[in-house]
Amino acid sequence: MTKLVHTPEALAAALPAGPISLVPTMGALHDGHLALVRAAATLGNPVVVSIFVNPLQFAPGEDLDTYPRTLPEDVAKLEALGVDAVFAPAPETMYPHGPRTTIQPGPLGSVLEGATRPTHFAGVLTVVAKLFALTGASDAFFGEKDYQQLALIRQMVEDLHLPVRIHGCPIVRDTDGLALSSRNRYLSAQERAIALAIPRALATDSLSEARSLLDATEGLELDYLVTTAPDMTDLPAGYTGPARMLVAAKVGATRLLDNAPIEVERG
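About the cut-offs
Residues numbered from 1 in each chain as written. Predicted model: local features only at pLDDT ≥ 70, side-chain atom pairs only at ≥ 80, totals over all residues. Heavy atoms only, no water. Axes fitted to C-alpha atoms, helices over the stretch in contact; angles between N-to-C directions. Helix = DSSP H or I, 4+ residues; strand = E, 2+ residues; numbered from the N terminus. Parallel < 35°, antiparallel > 145°, perpendicular 65-115°, else oblique. Left-handed = near helix turned anticlockwise from the far one by under 90°. Contact = heavy atoms within 4.5 Å. Nonpolar A, V, L, I, M, F, W, Y, C, P; charged D, E, K, R; others polar. Pairing = 2+ DSSP bridges.

Peer 1: Please explain the packing of helix α6 (residues 120–135) against helix α7 (residues 147–159) as it appears in this structure.
Peer 2: Helix-helix packing: each pair is described by the crossing angle between the helix axes and the interaxial distance. At a closest axis distance of 10 Å, the pairing of α6 and α7 adopts a crossing angle of 55°. What the angle tells us is that α6 and α7 run oblique. Between α6 and α7 lies a crossing of right-handed hand. On the side of α6, the interface is formed by Phe121, Val124, Leu125, Val128, Ala129 and Phe132, while α7 contributes Gln148, Gln149, Leu152, Ile153, Met156 and Val157. Of the residues assigned to the contact of α6 with α7, the class counts are 10 nonpolar, two polar and no charged.

Take a look at the structure:
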């Protein structure tokens with residue numbers, strides 16, 4: 001039976017000694033989250049899923065207050081998958097002294113998503129580090145949809161010598177190709193049809209073709225479209241090989257992220 005706990009003390013009592021697999025989430029669970037849970041279960045460790053809408057990663061004017069909160073439904077889904085514990089703390093439990101100590105993400109945290117949301121990644125890394133400490137996780141699972149976030153979490157673990165193995169899991173898409181996201185529920189039917197230009201653009205495997213497609217899509221406001229190395233460093237001149245194409249765009253009031261692995265070829 002899945003144990004729902006809300007405090008670090010109850011979490012510690014719910015977990016056995018030994019390796020722990022952690023899936024950090026903000027709730028409003030969809031099939032992408034559940035795929036992470038299934039991947040975590042393959043290691044054979046007890047699985048903990050955290051559900052916490054982290055105020056530190058929201059800037060003023062963002063959707064902190066309206067972000068979907070569906071804890072009973074989320075717990076039911078996780079219980080069906082045999083999750084050992086769900087950790088759903090309150091903000092005052094996670095930050096009893098407020099945002100007093102935070103983790104700064106460095107240069108990678110100031111570009112792309114970090115340029116648009118300057119405080120976002122410090123909030124993400126801080127809460128992830130706290131969740132690692134509170135759960136004693138040996139392994140943690142994250143989706144590749146938030147690719148820059150995944151790269152920064154890997155960087156934090158390496159730079160701070162944290163004893164956690166990071167597992168990146170492939171993007172899960174809906175039947176129409178849109179990457180699953182808790183924020184997709186904000187899209188109207190018309191906006192969703194517009195948003196489908198994003199996965200179509202990524203499928204071109206060409207930065208110029210993708211940009212042309214997105215620029216021609218009425219109702220879509222492109223924030224950025226870039227190609228980087230798989231670790232999100234810049235591609236050197238004349239590079240050939242695996243890379244990552246990343247896109248952020250706004251459709252209506254909803255900001256959408258997506259990315260895809262590509263192969264770069266120089267003629």
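Now that the structure is up, let's keep going.
Peer 1: When you look at the sheet that holds strand β4 (residues 85–87) in this model, what are you seeing that I'm missing?
Peer 2: Strand pairs in the sheet, formed through backbone hydrogen bonds, run parallel or antiparallel to each other. Read across the open sheet, the six strands follow the order β1-β4-β3-β2-β5-β6; overall the sheet is parallel. At either margin of the open sheet sits one strand with a lone partner, and together these are β1 (3–5) and β6 (165–169). Each neighbouring strand pair of the sheet contributes to a mean axis angle of 25°, computed without reference to strand direction. In this sheet, strand β5 (residues 139–143) lies alongside strand β2 (residues 21–25) in parallel orientation, the contact comprising two bridges. Residue Ser21 lies in a different strand from β5, and its bridge partner there is Asp139. With respect to the sheet, helix α3 (residues 71–80) is in contact with β1, β3 (47–51) and β4, its orientation differing from that of β3 by roughly 165°. Most of the contacts of α7 go to β6, to which it runs at about 170°, and overall it touches β5 and β6.

Peer 1: What should I look at first to understand the pairing of strand β9 (residues 254–264) in this one?
Peer 2: Pairing of strand β8 (residues 241–251) with β9, which is carried by 11 bridges, proceeds in the antiparallel orientation. Looking across to β9, one finds that Met245 is bridged to Ala260. Between the antiparallel neighbours β8 and β9 lie two residues, among them Gly252 with a positive phi of about 60°.

Nothing here speaks to function; it is all geometry.
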